[in-house]
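Residues per chain are reported as follows:
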Amino acid sequence: MHNKSIVELGAALRAGECSSVELARHFLQRIEALDGELNSLISTTAEQALAAAEAADKQIAAGEAGSLTGIPIIHKDIFCTEGVKTSCGSRMLDSFISPYDATVVSKLKAAGVVSLGKANMDEFAMGSSNETSWYGPVRNPWDKSRVPGGSSGGSAAAVAARLAAAATGTDTGGSIRQPAALCGITGLKPTYGRVSRYGMIAFASSLDQGGPMARSAEDAALLLQAMAGFDPKDSTSAEAPVPDYSASLNDSLEGLKIGLPKEYFGEGLDSAVAESVEAAIAEYKKLGAELVEISLPNTGLAVPTYYVVAPAECSSNLSRFDGVRYGYRCDEPKDLEDLYKRSRGEGFGAEVKRRIMIGAYVLSAGYYDAFYLKAQKIRQLISDDFKRAFEQVDVIMGPTSPSTAFGLGEKADDPVTMYLNDIYTIAANMAGLPGISIPVAPVAGLPVGLQIIGDYFAEARLLNVAHKFQQATDWHTQVPSGF
Ligand code: GLN
């Protein structure tokens, strides 16, 4: 049952082959039996899940089921969920029970999904390996001595291990695509503004974007359909109409122009990963696509620029966690200053503190022009690179991540090496563009992701391009052994 896609599960539910309650129980049992070691979930919500599944079964019986009715998923613990702990992977929010649902959560609820629990993640979504979580690291189901990627590492590991049919994730610099790549699943970061950020705990507001993490592009299309759309509660949410993402999945790729940025295939890319990505691109040629070499000359500036912009925004966003209004509060503060200092000192982990300090520094009076303002200008140059590229090509392809999953602890003490993991994903966030990662041929038993970047609001095209590959290959159906 757990190996079925959302499309197949939906059909089974509507045909009465199983009930949503049975499905929820089955996945909850798998979580119980298999997640001890993986640590992909921070909380499970069995009671709420079974109640939602019962309601879904009634809808199905009444013939009112939609494509997501009764489908078990998990939410990244960055999304506020009413009445359920929403920790954001931090000690700071360990005791926070959200009084409301994020828009993503309420939209998926309205579509009838059954939430089984909340996924582990890097603290406040800062990380590429899930090792910064207050709740401990997540293990990669393909090799438990390795990381699942991050920051949506719990979501990716749980979907790969078939502990849920799909999951939600968020992507500020690669956090949907990179863990999707390292865990062998399909992850889509939509255009900035496509999916509401209301109730999604803010890291870097001008970059953060929620999206689906699933087994296939076909499943991701169903999830995005429910998640996307204008939200008056998010002032940066886009008013653009939401197309039918499933309708164009099978469109022909004949004549599709694929841009291959030379900067994405150079130094720093693992040669076996490069081979696997090139083989996938060759498959696209067979499907009728045309390959065009392009250049994104400012690629090398994306990571350093991100590490000015993202910390700046995080230092501002995280100033609300002061030990007074909500979140962790230290014991017996001596005075107000002691309360602030110790609450934040004890509530935040090392990576979060590092970012807050960098952010406060680059925003400070004497340095603002030299760092933050300059970073904003470079951000524009990065966007312009893509603008020029999309005058020539329909989509851009390359590796999602420079290597396969690395060992737990291997990069944890070296922030810069860790940051370079997002070298191919960050630019899309800087420009606000959509990107998808899909599994291609593994290297030494470990998953590899192909990244496909599209123009603004080209999600339907990305899903179509991903789906056609998944129709021609079966890398996305592979399951780690033991799951
Ligand atoms: N790995 C990047 C970081 O640490 C991106 C994280 C994300 O996309 N949330 O900031």
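Residues numbered from 1 in each chain as written. Predicted model: local features only at pLDDT ≥ 70, side-chain atom pairs only at ≥ 80, totals over all residues. Heavy atoms only, no water.

Note the following rule: UniProt positions are given in the numbering used here, feature names are shortened, and annotations may be inferred rather than shown by experiment.
In the nomenclature of an unreviewed UniProt entry, the protein chain corresponds to Glutamyl-tRNA(Gln) amidotransferase subunit A from the organism endosymbiont of Ridgeia piscesae. Under the UniProt heading Function (unreviewed entry), the entry covering the protein chain gives this text: "Allows the formation of correctly charged Gln-tRNA(Gln) through the transamidation of misacylated Glu-tRNA(Gln) in organisms which lack glutaminyl-tRNA synthetase. The reaction takes place in the presence of glutamine and ATP through an activated gamma-phospho-Glu-tRNA(Gln)." What UniProt records for the protein chain under Catalytic activity (unreviewed entry) is the sentence "L-glutamyl-tRNA(Gln) + L-glutamine + ATP + H2O = L-glutaminyl-tRNA(Gln) + L-glutamate + ADP + phosphate + H(+)".

**Re the site of the ligand**
Rules: Proximity is defined per residue: any heavy atom of the residue falling within 4 Å of a molecule or strand makes that residue near it. Any pair of nitrogen or oxygen atoms within 3.5 Å is treated as a polar contact; in protein, a donor-acceptor pairing is required on top of that, and neighbouring residues in sequence qualify only through side-chain atoms on both sides. Values of accessible area rely on a 1.4 Å probe in the Shrake-Rupley scheme; residue burial ignores everything except the protein chains shown.
Lining the immediate surroundings of the ligand are 15 residues, of which Gly173, Ser175, Tyr306, Arg355 and Asp422 lie closest. Residue Ser175 places a side-chain N or O atom 2.6 Å away from an oxygen atom belonging to the ligand. A distance of 2.6 Å separates an oxygen atom of the ligand from a polar side-chain atom of Tyr306. Within the complex, the protein chains bury 100% of what would otherwise be the 290 Å² of accessible surface of the ligand.

**Some points on the side chain of Lys411**
Where we set the bar: Helix and strand labels come from DSSP, where a helix needs a run of H or I of at least four residues and a strand needs a run of E of at least two; each type is numbered from the N terminus. Think of it in three bands: residues with accessible area under 20% of the maximum for their type are buried, residues over 50% are exposed, and the middle band is partly exposed, with areas taken using a 1.4 Å probe on protein chains only. Under the counting rule used here, the positive set is Lys and Arg, the negative set is Asp and Glu, and His together with the chain ends is not counted. What counts as a salt bridge is simple: a side-chain nitrogen of Lys or Arg found within 4 Å of a carboxyl oxygen of Asp or Glu. Here, residues are in contact when the closest pair of their heavy atoms is within 4.5 Å.
Within the secondary structure, Lys411 is located in the loop between strand 9 (395–399) and helix 13 (415–419). Despite its burial, Lys411 pairs with no opposite charge, the nearest such side chain being Glu410 at 5.6 Å. Once residues within four sequence positions are removed from consideration, Lys411 is found in contact with Ser403, Phe406, Thr417, Met418 and Asn421.

**Focus on the nonpolar core**
In plain terms, the rule: For our purposes a nonpolar core is just a set of buried Ala, Val, Leu, Ile, Met, Phe, Trp, Tyr and Cys residues, chained together by side-chain atoms within 4.5 Å.
If you look at the biggest cluster of nonpolar residues, it comprises 143 residues, and the most contacted ones within it are Phe124, Tyr284, Phe386 and Ile452. For this core, the leading source of residues is helix 9 (residues 302–317), giving nine residues. Among all residues touching Phe124, those that are not within four sequence positions of it are Cys88, Ser90, Met92, Leu93, Ile201, Phe203, Leu318, Phe321, Phe348 and Val352. The next biggest cluster of nonpolar side chains, apart from the first, holds six residues, and it includes Val147, Leu182, Ala405 and Phe406.

**Thoughts on a nonpolar patch on the surface**
Under the convention used in this document: Any residue with relative accessible area above 30% and no salt bridge may belong to a patch, with like charges joined within 9 Å and the nonpolar Val, Leu, Ile, Met, Phe, Trp and Tyr side chains within 5 Å.
A cluster of nonpolar side chains, namely Val324, Leu336 and Tyr340, defines an oily patch on the protein surface of about 260 Å² accessible area. Here Val324 lies in the loop between helix 9 and helix 10 (336–347). Judged by its relative accessible area of 38%, Val324 is partly exposed.

**Side note on the packing of helix 9 against helix 12 (residues 369–392)**
Put simply, the test is: Between N-to-C directions, angles span 0 to 180 degrees; the directions come from axes that are lines fitted to C-alpha atoms, helices contributing only their stretch in contact. Our angle categories are set so that under 35 degrees counts as roughly parallel, over 145 as roughly antiparallel, 65 to 115 as roughly perpendicular, and the remainder as oblique. Helix crossings fall into two classes, left-handed where the near helix is turned counterclockwise from the far one by less than a right angle and right-handed where it is turned clockwise. The classification used treats Ala, Val, Leu, Ile, Met, Phe, Trp, Tyr, Cys and Pro as nonpolar, Asp, Glu, Lys and Arg as charged, and all other residues, Gly among them, as polar.
Taken N-terminus to C-terminus, the directions of helix 9 and helix 12 make an angle of 125°; their axes are 9 Å apart at the nearest point. It follows from the interaxial angle that helix 9 and helix 12 lie oblique. Considering the relative orientation of helix 9 and helix 12, their crossing is left-handed. On the side of helix 9, the interface is formed by Ala302, Thr305, Val308, Val309, Ala312 and Glu313, while helix 12 contributes Phe371, Tyr372, Ala375, Ile378, Arg379 and Ile382. Classifying every residue of the contact of helix 9 with helix 12 gives nine nonpolar, one polar and two charged.

**Let's talk about the sheet that holds strand 2 (residues 72–76)**
The test is simple: Strands qualify as paired when DSSP identifies two bridges or more between them.
Spatial ordering of the open sheet is given by 1-3-2-4-6-5-10-11-9-7-8, a layout of eleven strands whose pairing is mixed. Only two strands of the sheet have a single partner each, and these edge strands are strand 1 (41–44) and strand 8 (290–294). Taken over all neighbouring pairs, the strand axes of this sheet differ in orientation by 30° on average, direction set aside. The pairing of strand 2 with strand 3 (residues 114–119) spans four bridges and is classified as parallel. Across the sheet, Lys76 pairs through a bridge with Ala119, a residue of strand 3. Here helix 12 sits on the sheet in contact with strand 7 (257–261), strand 8, strand 9 and strand 11 (446–454), set at roughly 115° to strand 9.

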